[in-house]
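# Coordinate analysis (summary)
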Amino acid sequence: MIRAHSAATVRAAEEPLLAAGEPLMARAAFALATHVAGELRARGGVSGSVVLLLVGGGNNGGDALYAGTHLVRRGCQVHAALLTERAHESGLAAARSAGVRVHEVLGSGDAVGETLALARRSDAWVDALTGIGARGPLREPAGSVVDALTAERSAWPAEPAVVAVDVPSGIGVDDGTVEGPVLPADRTVTMGTAKPGLLLPPAAALAGHVEVFDLDLALAEHPPAACSLTGADVSDLWPLPGPEDHKYTRGVLGLATGSQTYPGAAALAAAGALRTGLGMVRYTGPEVPTDLVRHRHPEVVTVPGRVQSWVLGSGVAPDDAARMAELAEYLADASARGLPVVLDAGALTLLHDDDNDLTGPAVLTPHAGELAELLTARGEQTGRDDVTAAPARHARLAAEITGGTILLKGSTTVVAAPEGPLYAQHDATPWLATAGAGDVLAGVLGALLAAYGDALAADDGTLTGLPATIAAAAALVHGRAARSAAGVSPTRPGRPDPAAPRGVPITATDVADALPRALRTILR
Ligand SMILES: NC(=O)C1=CN([C@@H]2O[C@H](COP(=O)(O)OP(=O)(O)OC[C@H]3O[C@@H](n4cnc5c(N)ncnc54)[C@H](OP(=O)(O)O)[C@@H]3O)[C@@H](O)[C@H]2O)[C@@H](O)CC1
Ligand SMILES: Nc1ncnc2c1ncn2[C@@H]1O[C@H](COP(=O)(O)OP(=O)(O)O)[C@@H](O)[C@H]1O
Ligand SMILES: [K+]
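Under an unreviewed UniProt entry, the protein has the name Bifunctional NAD(P)H-hydrate repair enzyme and belongs to Georgenia halophila. Taken directly from UniProt, the Subunit (unreviewed entry) text for the protein runs: "Homotetramer."

Printed below as a string of structure tokens:
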């Protein structure tokens with residue numbers, strides 16, 4: 001699991017170490033210099049390279065100034081552009097005495113022009129304007145400098161390496177928002193622990209490769225603010241059948257998905273669930289989707305009976321009053337029994353009405369547009385663009401309002417429960433943006449919840465965060481299946497690697513069919 005802690009938590013965890021005289025900044029600076037040297041080596045060599053430090057007024061700038069002293073010792077020509085009148089005092093003194101060339105660009109009257117001129121001569125830029133002490137988007141002139149450097153960089157034939165210190169300056173450190181200029185980094189060297197903005201969209205796409213440098217911070221008693229599950233976490237969570245198991249103990253999923261108009265959603269959700277592995281899928285719906293499901297998946301049972309979880313709403317239009325009334329009944333029944341339920345597509349509109357409050361564990365699976373509609377219906381006027389600009393904030397808000405867990409779909413999927421850590425999963429490929437892919441995800445998620453259904457229904461409060469973890473696991477497996485089907489390798493959010501395979505187009509059916517292949521590499 002990759003864990004990210006809020007700025008306030010990092011400060012609290014640093015405090016005892018700083019009080020004990022731990023040289024945290026010296027250690028951070030050495031690590032930073034090592035990574036800058038690594039980027040330079042990859043681009044031809046360290047000694048003789050030119051490095052530009054973009055220095056702001058806090059300890060973030062201090063990290064870079066001390067790193068500059070190490071880089072001078074390694075044969076680099078190091079320039080520091082001070083975009084502040086109050087650079088870190090001892091860091092600045094150390095940098096000057098080591099031979100870093102210091103430029104007080106604010107005094108020139110043309111901070112942008114002076115910094116650009118230095119940048120054009122440099123092989124690496126170190127972004128140390130702000131870290132966890134930033135308040136709001138970058139102020140002037142730092143904002144204009146960053147805008148100019150961002151434009152300049154993409155216009156160059158040989159792009160300089162950009163290394164961000166702790167975070168790319170200007171991102172929302174705790175919520176992953178990007179409300180002003182930010183210089184996209186190739187690498188972010190983050191101190192002590194990852195920060196939420198390095199995992200959460202849209203800021204995560206600006207961080208490049210994230211290196212966490214361990215400062216031995218006392219983080220054990222501080223819960224993370226955001227996490228990303230890895231394959232190993234999913235393997236630990238995965239329900240493995242044992243010799244005592246039979247189909248009813250492995251989990252039975254009820255699917256109330258698909259409609260006469262959109263029968264495919266029923267078959268795709270069934271495919272996702274069956275390939276995830278569970279005891280049984282029971283399907284209930286009108287004639288056309290029932291026939292399709294029977295034909296495509298003869299293992300699905302189409303008579304009513306006991307279930308341990310439900311998937312409701314994929315392929316159901318909210319104006320299909322009769323079907324919506326059925327979904328409302330299933331939801332009420334699941335809530336009364338405390339069974340987990342997935343609310344997808346049409347079923348999300350059940351929660352537009354605050355009479356349909358959730359009492360059992362529920363995972364809602366909106367995309368940005370559906371989340372905006374839900375929030376607006378519940379009195380929080382929100383557009384799709386608002387959600388895209390601040391996915392974590394809006395997912396959390398919807399979780400608080402509805403009491404459910406929100407799995408917000410997108411290129412990075414964000415999961416938020418009313419409390420506990422957020423999850424950010426960037427496991428898929430843009431090839432997954434294809435009709436029906438969400439139906440397959442609903443099936444995967446429903447199957448996993450079915451395996452935990454009895455435990456969740458009997459829960460006395462110890463499993464509060466489990467639906468969110470299961471939702472993140474489902475997103476990971478679904479994303480990996482898409483990658484496997486498309487033939488693409490893992491990527492960080494952000495600039496695609498031009499050397500990586502481009503992959504091939506996939507259908508939602510391909511994603512379901514690739515689930516066993518993805519699981520073979522995950523389950524150990
Ligand atoms: N403590 C340690 O020993 C360790 C600390 N570490 C490092 O310290 C960093 C935290 O340092 P920090 O707390 O000094 O804050 P920091 O991120 O440099 O920002 C404050 C400066 O930015 C300025 N500023 C603020 N907002 C701004 C804006 N919107 N636009 C422009 N400027 C803005 C603000 O100016 P002011 O508002 O005060 O005028 C002030 O000058 C952390 O991220 C890590 O890198 C690690 O190495 C571990 C050891
Ligand atoms: N650009 C993208 N990159 C990776 N995954 C994406 C991207 N866009 C969408 N997805 C994923 O594709 C799926 C689309 O689901 P959804 O929008 O519900 O489609 P549908 O309703 O047609 O099934 C979700 O799992 C979502 O996270
Ligand atoms: K920074």
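Picking up where we left off.
### Considering the UniProt feature "domain: YjeF C-terminal" (unreviewed entry) in the protein
In the numbering used here, UniProt assigns the "domain: YjeF C-terminal" (unreviewed entry) feature to residues 230–522. Secondary structure across residues 230–522 divides into 46% helix and 11% strand, with the first and last C-alpha atoms of the span separated by 9 Å.

### Concerning the site of ligand 1
In the vicinity of ligand 1 lie 27 residues, with Gly57, Gly58, Asn59, Gly131 and Gly133 positioned nearest. Elements with a minimum of two residues in the shell around ligand 1: helix 1 (7–19), helix 2 (24–42) and helix 3 (59–73). At four residues, the largest contribution of residues to the shell around ligand 1 is made by helix 3. Of the residues belonging to the shell around ligand 1, the class tally is 11 nonpolar, 11 polar and five charged.

### Brief notes about the sheet that holds strand 11 (residues 280–283)
An order of 1-9-17-16-15-14-13-12-10-11 is seen for the 10 strands of this open sheet, with the pairing classed as mixed. Each of the sheet's edge strands pairs with one partner strand only, and the pair in question is strand 1 (2–4) and strand 11. Each strand axis lies, on average, 20° off the axis of its neighbour in the sheet, ignoring direction. Of the strand pairs in this sheet, strand 10 (residues 252–256) and strand 11 are connected by four bridges, and their pairing is parallel. In the strand pairing of strand 11, Gly254 is matched with Arg282. Contacting strand 10, strand 12 (309–312) and strand 13 (341–343), helix 12 (residues 321–337) runs over the sheet at an angle of about 155° to strand 12.

About the thresholds
Residues numbered from 1 in each chain as written. Chains lettered and ligands numbered in written order. Predicted model: local features only at pLDDT ≥ 70, side-chain atom pairs only at ≥ 80, totals over all residues. UniProt positions renumbered as here; feature names shortened; annotations may be inferred. Helix = DSSP H or I, 4+ residues; strand = E, 2+ residues; numbered from the N terminus. Near = placed C-beta within 6 Å. Nonpolar A, V, L, I, M, F, W, Y, C, P; charged D, E, K, R; others polar. Pairing = 2+ DSSP bridges. Axes fitted to C-alpha atoms, helices over the stretch in contact; angles between N-to-C directions. Contact = placed C-beta atoms within 7 Å.

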